[in-house]
Amino acid sequence: MVTNFGIGTLGPRPALGYIANRLDRAVTRRDDDAALKHDCEHPQAVSYVIGGELVVLKPGEPCDPLFTLREARALGPVRETVFLGLAGAAPRFGVGLDPDAVERLKARNDLRVSDLRSIAVQGMVEADHLPPLAEAKALLGWHARHRFCPNCGAPTALSQAGWRRDCSSCRAEHFPRTDPVVIMLAISGERCVLGRSRRFAPTMWSCLAGFGEPGESIEEAVRREVLEEVGIACGRVRYFASQPWPFPSSIMIGCHAEALSEKIVIDREELEDARWFDREELALMLNRQHPDGLTAPPPVAIAHHIIRSYVEDGPDVVR
């Protein structure tokens, strides 16, 4: 049930970004050269075109992010082409261009070039395109960062349709990695802690977050990060949801945590500021009605949903 804090309801819950990928990843095709050749020649084969942080789109309302492989290759030098999966019978690929070439495409009137965050927040493409775009961006970004073997330093080569890189020297096989990040709301009854990073928009406050460490459970990572960033000890930790986050390649693990102390001690290396917020203030922030103009993260981010869940359901989210 949506809670009413005197400002109207929060309305229907918005969709979380980058999840619910409808592509069949068709894993068995990745090492089937004949099947991949057929996929590349398929009349319905299309691709997403990415260069660094930027995505190339065809203008429209909404924009069209799909290009034939021939169209994609004509846009600039191709670094990698990776197989993303099947949309029904239609193969979909990710084409990685040289980032400088994509920058130059901004001058063309028949194209639109933007970063994936802006595309998601502004709804520039149909929502079904966001998960495969995230898949393509994360995978192509991994290739850009792993051109040399971490074992011996020799160059590596793409294999398995983009889902592995092989070292020709020491024969090591390298697979795409996803870094786990815990993102959490520390709660004490009717209040919770939000923080501000220096890189945030001037009005935005959000959940605390940090990378999990080797040999650490999700619950342990949540408690450690909250203690490190704001000096608050936590007890119970409850998992909420997860979200792929292709900036560059993480999985956001959303949680609510029980705060056992109240005094905030800010780690200024990590945060610009942190403070307690009550649920009514959070509702105002979610609705963009806060008297001081303070805001919460947009619906595309899991932090928005973690905060909203607490606003609607109260302290029960951590019990």
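Right above here is the structure, for reference.
Residues numbered from 1 in each chain as written. Predicted model: local features only at pLDDT ≥ 70, side-chain atom pairs only at ≥ 80, totals over all residues. Heavy atoms only, no water.

Notes on the overall build of the protein chain
To keep things clear, this is the line we draw: By the criteria applied, helices consist of DSSP H or I runs no shorter than four residues and strands consist of E runs no shorter than two, each listed in order from the N terminus. Each radius of gyration reported is based on C-alpha atoms, and the globular scaling rule is 2.2 Å times the count of residues to the power 0.38. Remark: exposure states derive from per-residue accessible area (1.4 Å probe, protein chains only) relative to the maximum for the residue type, with buried under 20%, exposed over 50%, and partly exposed in between. Only heavy atoms enter the contact rule, under which two residues are in contact if any of them lie within 4.5 Å. To measure how exposed things are, a 1.4 Å probe is used in the Shrake-Rupley method; for residues, cover is taken only from the protein chains shown. By the counting rule applied here, Lys and Arg register as positive and Asp and Glu as negative, while His and the ends of each chain are not counted. For this purpose, a charge sits on NZ of Lys, CZ of Arg, CG of Asp or CD of Glu.
Secondary structure summary: the protein chain contains eight helices and 15 strands in total. Relative to the 2.2 N^0.38 estimate, which gives 20 Å for 319 residues, the radius of gyration of the protein chain is 22 Å and therefore close to what a compact globule would have. Taken along its principal axes, the extent of the C-alpha atoms in the protein chain is 60 × 50 × 35 Å. The burial tally for the protein chain puts 51% of its 319 residues in the buried class. Considering only contacts within the protein chain whose residues lie at least 6 apart along the sequence, 64% involve residues at least 24 apart. Surface accessibility of the protein chain: about 15,200 Å² in total, with carbon and sulfur atoms responsible for 50%. Averaging the positions of the 38 positive and the 44 negative side-chain charges in the protein chain gives two centres separated by 3 Å.

Some words on helix α7 (residues 279–286)
Along an α-helix, residues three or four positions apart point the same way, because every turn accommodates 3.6 residues. To keep things clear, this is the line we draw: Polar contacts here mean pairs of N or O atoms no more than 3.5 Å apart (in protein, one a potential hydrogen donor and the other a potential acceptor; neighbouring residues in sequence count only if both atoms are side-chain atoms).
When you tally the buried positions in α7, you get seven out of eight residues, the bulk of the element. All of the buried residues in α7 are Arg279, Glu281, Leu282, Ala283, Leu284, Met285 and Leu286. In this structure Asp278 caps α7, since a side-chain oxygen of it lies 3.3 Å from the backbone nitrogen of Glu280.

A short note on unusual backbone geometry
Of note, the amide linkage connecting Glu61 to Pro62 takes the cis form, showing an omega dihedral of 0°. Structurally, Pro62 is set in the loop between β2 (54–57) and β3 (66–67). Here Phe247 and Pro248 are connected by a cis peptide whose omega angle stands at 5°. Along the polypeptide, Pro248 turns up in the loop between β13 (234–245) and β14 (250–259). With a phi close to 70°, Tyr18 is a non-glycine residue in the positive phi region. Tracing the backbone shows Tyr18 in the segment before α1 (33–41). Positive phi outside glycine occurs at Arg288, with the angle close to 55°. On the secondary structure map, Arg288 appears in the loop between α7 and α8 (302–313).

Here we look at the side chain of His304
Position of His304 relative to the elements: it lies in helix α8. Here His304 is in contact with Pro14, Leu286, Pro297, Pro298 and Pro299, once residues within four sequence places are set aside.

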